Amino acid sequence: RWIPPFSAEIVAANLRNAIADRNVENYVRCFTDSSRASRRFGFAPEITVANNNPGVFVNWNLAQERDYFSQLRAAVPTDSICSLRLDSLQTSLYSDSAQFIYAYDLTARHRRQTTGVPGRVQGELRFFLIKDSFGEWSILHWVDFATGPVQTWSALKVAFVR
(Lines give C-alpha, C1' and ligand atoms only; values in the text may rest on other atoms or scores of the structure.)
Protein backbone atom coordinates (compact mmCIF):
# COMPACT_ATOMS: atom_id res chain seq x y z
CA ARG A 1 0.00 0.00 0.00
CA TRP A 2 2.31 2.70 -1.27
CA ILE A 3 0.92 6.14 -2.02
CA PRO A 4 3.15 8.39 -4.15
CA PRO A 5 4.28 11.01 -1.58
CA PHE A 6 3.42 14.18 -3.48
CA SER A 7 2.56 15.84 -0.17
CA ALA A 8 4.58 15.71 3.05
CA GLU A 9 1.66 14.26 5.03
CA ILE A 10 1.56 11.14 2.86
CA VAL A 11 5.02 10.10 4.12
CA ALA A 12 3.63 9.32 7.60
CA ALA A 13 0.82 7.24 6.06
CA ASN A 14 3.35 5.33 3.96
CA LEU A 15 5.49 4.69 7.04
CA ARG A 16 2.48 3.34 8.98
CA ASN A 17 1.48 1.16 6.03
CA ALA A 18 5.01 -0.19 5.52
CA ILE A 19 5.22 -1.17 9.20
CA ALA A 20 1.76 -2.78 9.22
CA ASP A 21 2.55 -4.62 5.95
CA ARG A 22 6.12 -5.40 7.11
CA ASN A 23 7.29 -4.20 3.71
CA VAL A 24 11.01 -3.43 3.86
CA GLU A 25 11.16 -1.74 0.44
CA ASN A 26 8.27 0.62 1.18
CA TYR A 27 9.72 1.34 4.64
CA VAL A 28 13.05 2.38 3.11
CA ARG A 29 11.30 4.45 0.42
CA CYS A 30 10.01 6.75 3.20
CA PHE A 31 13.55 8.05 3.74
CA THR A 32 15.68 10.33 1.58
CA ASP A 33 17.72 8.44 -0.96
CA SER A 34 20.94 10.25 -1.88
CA SER A 35 20.53 9.06 -5.49
CA ARG A 36 17.34 11.20 -5.74
CA ALA A 37 18.38 14.15 -3.57
CA SER A 38 21.66 15.89 -2.88
CA ARG A 39 21.47 15.02 0.84
CA ARG A 40 21.40 11.74 2.74
CA PHE A 41 19.16 10.41 5.48
CA GLY A 42 20.28 10.63 9.11
CA PHE A 43 18.93 9.48 12.47
CA ALA A 44 19.58 11.01 15.91
CA PRO A 45 18.76 8.48 18.64
CA GLU A 46 17.27 9.13 22.05
CA ILE A 47 20.17 10.39 24.18
CA THR A 48 20.17 7.65 26.85
CA VAL A 49 20.17 4.90 24.23
CA ALA A 50 22.97 6.68 22.36
CA ASN A 51 25.04 7.01 25.54
CA ASN A 52 24.51 3.35 26.46
CA ASN A 53 25.49 2.17 22.96
CA PRO A 54 28.48 4.30 21.92
CA GLY A 55 29.29 4.20 18.25
CA VAL A 56 26.15 2.39 17.08
CA PHE A 57 24.43 5.47 15.69
CA VAL A 58 27.50 7.49 14.64
CA ASN A 59 27.14 6.90 10.90
CA TRP A 60 23.52 5.74 10.84
CA ASN A 61 22.19 5.89 7.31
CA LEU A 62 19.74 4.24 4.95
CA ALA A 63 21.65 0.92 5.01
CA GLN A 64 21.36 0.66 8.81
CA GLU A 65 17.70 1.65 8.64
CA ARG A 66 17.07 -1.14 6.12
CA ASP A 67 19.06 -3.62 8.24
CA TYR A 68 17.13 -2.73 11.41
CA PHE A 69 13.71 -3.08 9.77
CA SER A 70 14.66 -6.28 7.92
CA GLN A 71 15.83 -7.89 11.17
CA LEU A 72 12.73 -6.72 13.03
CA ARG A 73 10.48 -8.03 10.25
CA ALA A 74 12.18 -11.42 10.40
CA ALA A 75 11.55 -11.61 14.16
CA VAL A 76 7.82 -10.79 13.96
CA PRO A 77 5.69 -13.93 13.38
CA THR A 78 3.30 -13.69 10.43
CA ASP A 79 0.26 -13.90 12.72
CA SER A 80 1.55 -11.18 15.04
CA ILE A 81 0.93 -7.45 15.39
CA CYS A 82 3.08 -4.71 13.90
CA SER A 83 1.52 -1.24 14.08
CA LEU A 84 2.45 2.40 14.44
CA ARG A 85 0.30 5.15 15.91
CA LEU A 86 1.38 8.73 15.26
CA ASP A 87 -0.32 11.62 17.04
CA SER A 88 0.54 14.96 15.49
CA LEU A 89 1.93 17.51 17.94
CA GLN A 90 3.24 20.14 15.52
CA THR A 91 3.51 20.65 11.77
CA SER A 92 5.58 23.21 9.88
CA LEU A 93 5.21 23.15 6.09
CA TYR A 94 7.30 25.07 3.58
CA SER A 95 7.54 24.89 -0.20
CA ASP A 96 10.28 22.24 -0.31
CA SER A 97 10.70 21.14 3.33
CA ALA A 98 8.63 20.32 6.38
CA GLN A 99 8.97 19.40 10.02
CA PHE A 100 6.55 17.08 11.79
CA ILE A 101 6.58 16.37 15.51
CA TYR A 102 4.65 13.27 16.55
CA ALA A 103 4.00 11.33 19.72
CA TYR A 104 4.45 7.71 18.65
CA ASP A 105 3.43 4.29 19.89
CA LEU A 106 4.98 1.40 17.97
CA THR A 107 3.92 -2.17 18.68
CA ALA A 108 5.94 -5.01 17.19
CA ARG A 109 5.22 -8.37 18.81
CA HIS A 110 8.44 -10.22 18.00
CA ARG A 111 10.22 -13.39 19.08
CA ARG A 112 12.96 -11.58 21.00
CA GLN A 113 10.70 -10.07 23.68
CA THR A 114 11.68 -12.91 26.02
CA THR A 115 15.27 -11.56 25.92
CA GLY A 116 14.20 -8.12 27.12
CA VAL A 117 13.86 -6.42 23.75
CA PRO A 118 10.71 -4.25 23.93
CA GLY A 119 7.64 -5.25 21.93
CA ARG A 120 6.17 -1.79 22.38
CA VAL A 121 8.02 1.53 22.31
CA GLN A 122 6.81 5.07 22.83
CA GLY A 123 8.19 8.56 22.62
CA GLU A 124 8.29 11.66 20.50
CA LEU A 125 9.91 12.01 17.13
CA ARG A 126 10.78 14.85 14.83
CA PHE A 127 10.83 14.24 11.12
CA PHE A 128 12.55 16.78 8.86
CA LEU A 129 11.28 16.16 5.34
CA ILE A 130 12.39 17.41 1.95
CA LYS A 131 10.90 17.37 -1.53
CA ASP A 132 13.17 15.88 -4.20
CA SER A 133 13.55 16.93 -7.84
CA PHE A 134 10.70 14.53 -8.77
CA GLY A 135 8.30 16.33 -6.40
CA GLU A 136 8.22 13.45 -3.91
CA TRP A 137 8.63 13.96 -0.16
CA SER A 138 10.81 11.86 2.15
CA ILE A 139 12.28 11.91 5.64
CA LEU A 140 15.73 13.50 5.57
CA HIS A 141 16.39 13.50 9.30
CA TRP A 142 14.74 11.76 12.25
CA VAL A 143 15.27 12.69 15.90
CA ASP A 144 13.99 10.42 18.70
CA PHE A 145 13.05 11.58 22.21
CA ALA A 146 11.91 9.80 25.38
CA THR A 147 8.71 11.07 26.96
CA GLY A 148 8.48 8.73 29.93
CA PRO A 149 9.72 5.44 31.38
CA VAL A 150 8.78 3.32 28.31
CA GLN A 151 11.68 2.46 25.99
CA THR A 152 11.99 4.41 22.75
CA TRP A 153 12.25 3.48 19.09
CA SER A 154 16.03 3.95 19.41
CA ALA A 155 16.14 1.00 21.84
CA LEU A 156 14.35 -1.16 19.30
CA LYS A 157 16.70 -0.08 16.51
CA VAL A 158 19.82 -0.84 18.54
CA ALA A 159 18.48 -4.30 19.42
CA PHE A 160 17.83 -5.23 15.80
CA VAL A 161 20.78 -3.67 14.00
CA ARG A 162 23.50 -5.59 15.83
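Provided above is the structure to which this section pertains.
Residues numbered from 1 in each chain as written. Predicted model: local features only at pLDDT ≥ 70, side-chain atom pairs only at ≥ 80, totals over all residues. Heavy atoms only, no water.

Q: Which residues make up the environment of Ala50, and what values do they have?
A: Checked against the element boundaries, Ala50 lands in helix H3 (residues 47-52). The spacing of Ala50 and Ala155 is 105 residues in sequence and 8.9 Å in space, taken between C-alpha atoms. Residues contacting Ala50, with those up to four places away along its chain left out, are Pro45 and Phe57. (Helix = DSSP H or I, 4+ residues; strand = E, 2+ residues; numbered from the N terminus. Contact = heavy atoms within 4.5 Å.)

Q: Give a detailed account of the packing of helix H4 (residues 62-75) against helix H5 (residues 153-161), specifying residues and quantitative values.
A: Where H4 contacts H5, the two axes come as close as 8 Å, and the packing angle between them is 85°. Classified by the interaxial angle, the pair formed by H4 and H5 is roughly perpendicular. For the pair H4 and H5, the contacting residues are Gln64, Glu65, Asp67, Tyr68, Gln71, Leu72 and Ala75 in the first and Trp153, Leu156, Lys157, Phe160 and Val161 in the second. Of the residues that constitute the contact of H4 with H5, the class distribution is seven nonpolar, two polar and three charged. (Axes fitted to C-alpha atoms, helices over the stretch in contact; angles between N-to-C directions. Parallel < 35°, antiparallel > 145°, perpendicular 65-115°, else oblique. Nonpolar A, V, L, I, M, F, W, Y, C, P; charged D, E, K, R; others polar.)

Q: Please give an account of the layout of surface pockets that cites residues and values.
A: Estimates place the volume of the largest pocket at around 240 Å³. Lining the largest pocket are 16 residues, with Arg29, Phe31, Asp33, Arg36 and Glu136 sitting closest to its centre. Those elements giving two or more residues to the lining of the largest pocket turn out to be helix H2 (24-29), H4 and strand S5 (137-145). At three residues, the largest contribution of residues to the lining of the largest pocket is made by H2. Among the residues forming the lining of the largest pocket, the class breakdown is seven nonpolar, two polar and seven charged. Approximately 200 Å³ is the volume found for the second largest pocket. What lines the second largest pocket is a set of 16 residues, and nearest its centre among them are Val49, Asn52, Gln151, Thr152 and Ala155. (1 Å grid on protein atoms, 1.4 Å probe; cavity = no way out; pocket = protein on both sides within 12 Å on 5 of 7 lines; lining within 4 Å. Points joined across faces, edges and corners; volume = space filled by probe spheres on them.)

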